[in-house]
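Architecture at a glance
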Amino acid sequence: MLRPSTQRYSVTRPLYSEDAFEDEHAKVYRKHKTFLHHVIQYFTCTSERAKNTAISLLPIIGWMKTYSFKDWLLNDILSGVSTGLVAVLQGLAFSLLASIPTWYGLYAAFFPVIMYFFLGTSRHISVGSFPVLSLMVGAVVTRLVPDEGLPANITAFEGLTKEEQRVLVSASLTFLVGLFQLGMGLLQVGFIVMYLSDTLISGFTTAAAVHILISQLKFVLGLTVPGFSGPLSIIYTLESVFTQITSTNIHDLVTSIVVMVMVLGVKEINDRFKSKLKVPIPIEIIMTVIACGVSYAFNFSENHGVDVVGKIPNTIESPIAPSLQVFQMAAVDAFPIAIVGFAVAFAVAKVYSVKHDYVIDGNQELIAFGASNIFGGAFKSLAASTALSRSAVQESTGGKTQVAGLLSAIIVLVVILGIGFLLEPLPKSVLGAVVIVNLKGMLMQVVTVPYLWKKDRPDCIVWVGTCLAAIFLGLDIGLAVGLGLELLTVVFRATCSMPIEESEDESNMEDLDKPTDYSDLPIQVNWNAELPANIQVPPVNIHSLVLDFSVVSFLDISALKVTLTFDMSFPAYIIEKLRNCKFFDDEIKTSIFFLTIHDAMLFINESHPPKTVSEKVMKTFGDCTSFICSFKD
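Below, the structure is looked at part by part. (Residues numbered from 1 in each chain as written. Predicted model: local features only at pLDDT ≥ 70, side-chain atom pairs only at ≥ 80, totals over all residues. Heavy atoms only, no water.)

1. Considerations on the nonpolar core
Core analysis: the largest hydrophobic core is formed by 121 residues, its most contacted members being Ile 125, Val 132, Val 137, Val 169, Phe 204, Val 412 and Leu 431. By residue number, the principal contributor to this core is helix α15 (residues 324-356), which donates 16 residues. Beyond its immediate stretch of four places on either side in the chain, Leu 431 contacts Leu 89, Leu 92, Ala 93, Leu 96, Thr 102, Val 309 and Leu 426. One finds Ile 60, Tyr 67, Phe 117 and Val 403 within the second-largest nonpolar core, a separate group that totals 5 residues. (Core = buried A, V, L, I, M, F, W, Y, C linked by side-chain atoms within 4.5 Å. Buried < 20%, exposed > 50% of the residue type's maximum accessible area, 1.4 Å probe, protein only. Helix = DSSP H or I, 4+ residues; strand = E, 2+ residues; numbered from the N terminus. Contact = heavy atoms within 4.5 Å.)

Below you can see the structure in the form of structure tokens.
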């Protein structure tokens, strides 16, 4: 507990007019560098700068030098095999969302992974297809090549079948997404992800999960439903499904229900006993193998009209050039896909980087995913990001580096070239069931709405507005609506900042971090730990840290979560909100708040008095013991 300060201070100075102050304190003018000087400096190359640039653009150089084959290789092998099997299944399943043949989903688990291995800064995310991106790609595919009617007037479509036309659209769109991401990375605009708050991403991904769920009904029920795109497409899809509901294929329905019940049940066991299970039970793989065997034995495809995966070519198709006409027609769609793909991947990468104490670079991640999608698009791959469940498998099974990702890509390659034929009798209803089961986490985000309404109504409005707009108007328009609402809430908070009213039922208020579990994340940074190869900072021990939040105008739910994690404090009118959200406890007290930085420094000097001249110079060094914040009313 911080003890009360006994020091007092007073300030005595002459009365200054503007002229008197300028006479006594001459203004120092800074000599600004010219544009030419900046250009020359930017293109000047030294050996040290070349080395740092190489390490920055190829992070593999940094972490491979410290790779421990003895301690890490076996873990990476086990993780790579487990992740590869999951990637195969998810690749097949998520390709259905993009309305392209299933084996192209396997390409997304191979080509982008190879490129990310060299360029990525995260050691734990699993690169590949992501359901939200696949759905957004599918919306463009079905718009340009609809199920019914003529395709768009694109020269490159001449002589191609409908499937080939759709693959060309998907590949060209993926290539364009990569160009956008690479361009943003080279322009150093990785900060753009800061404008996508946790609340906006949560509402958007929940809406995407609803779209994905509705899109899989045709596979679960065994119906033929045309693809719809644009505003109210979800309504048209539901109308088509319910119109044909009497034509449901019972074999597809029963198979889907059995798979969903088994997978959900075993996943619950995995979550409940994860501390005792060294490796989660791969129930999705087990059910896929069983379904393939049953479908093959009873010839589901011919005897019962069940739609199966079908022929999987045991070769990798030749690369293709993207269509410039598709670029023109899909540019507006490609940009939000690029943003969403990067935002999701960066958010997941950030969680694991904090947990395992290493640094990720947002701009380098943009470059890595841009290059990965360009490379993948050339080989007809789906747009790549990361799937949360697949990344969790890679990390929880002991993966230490992207060597695990590389090995997972090798597993996928083995399936493509060698044993893909074993998956040919797999019913698509099983893939649809697997997709639906994996939506549980995103769909359950809806339970945060009452919490947001109680804690932060502007954030709640952003969540609900983004979700509803994305559901009914489409994911691209929904994202734009969400950004607009977020901008409006920022303006509202900045102009109307005031103490927050207490909740009516304070006794029933949840803990601040209830929606997000940070229990397994580190709460203290080891400043003496070894830093990445491309960062050189002298180790420093700190006994006090002064945080100046005098310019903070408001605090949203996302900031409150971070605040709780890092033990930080904020200006006076937000203290009531912190109290209402149960921020303070026996260790974090209001006594660490000070009116000015000067007050905070006097308290530090009193708490840690320097004894020698060297200690006066190094008076901020020592063991990290306290966080202190100054603010102004």
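Here the narrative resumes.
2. Some thoughts on the environment of Trp 72
Inspection of the secondary structure assignment puts Trp 72 in helix α5 (residues 69-97). Ignoring anything within four residues of it in the chain, the contact list for Trp 72 reads Thr 66, Tyr 67, Lys 400 and Thr 401.

3. Here's the deal with unusual backbone geometry
For Ser 99, which is not glycine, the phi torsion reads 60° and is therefore positive. Structurally, Ser 99 can be placed in the loop between α5 and α6 (103-108). Even without glycine at this site, Leu 232 takes up a positive phi of about 65°. With respect to the helices and strands, Leu 232 occurs in the loop between α10 (198-221) and α11 (233-243). We classify Leu 232 as partly exposed; its relative accessible area is 38%.

4. What about the pattern of salt bridges?
For the structure shown, the criterion picks out 8 salt bridges. Note that Glu 317 is salt-bridged to Lys 380, the shortest N-O span being 2.6 Å. Here the residue Glu 317 occupies a position in the loop between α14 (300-303) and α15, and Lys 380 occupies one in the loop between α16 (362-378) and β2 (385-386), the gap between them amounting to 63 residues. Look at Lys 380 and you get buried, because its relative accessible area is 14%. Connected via shared salt-bridge partners are Glu 268, Arg 272 and Lys 440. (Salt bridge = Lys/Arg side-chain N within 4 Å of Asp/Glu carboxyl O.)

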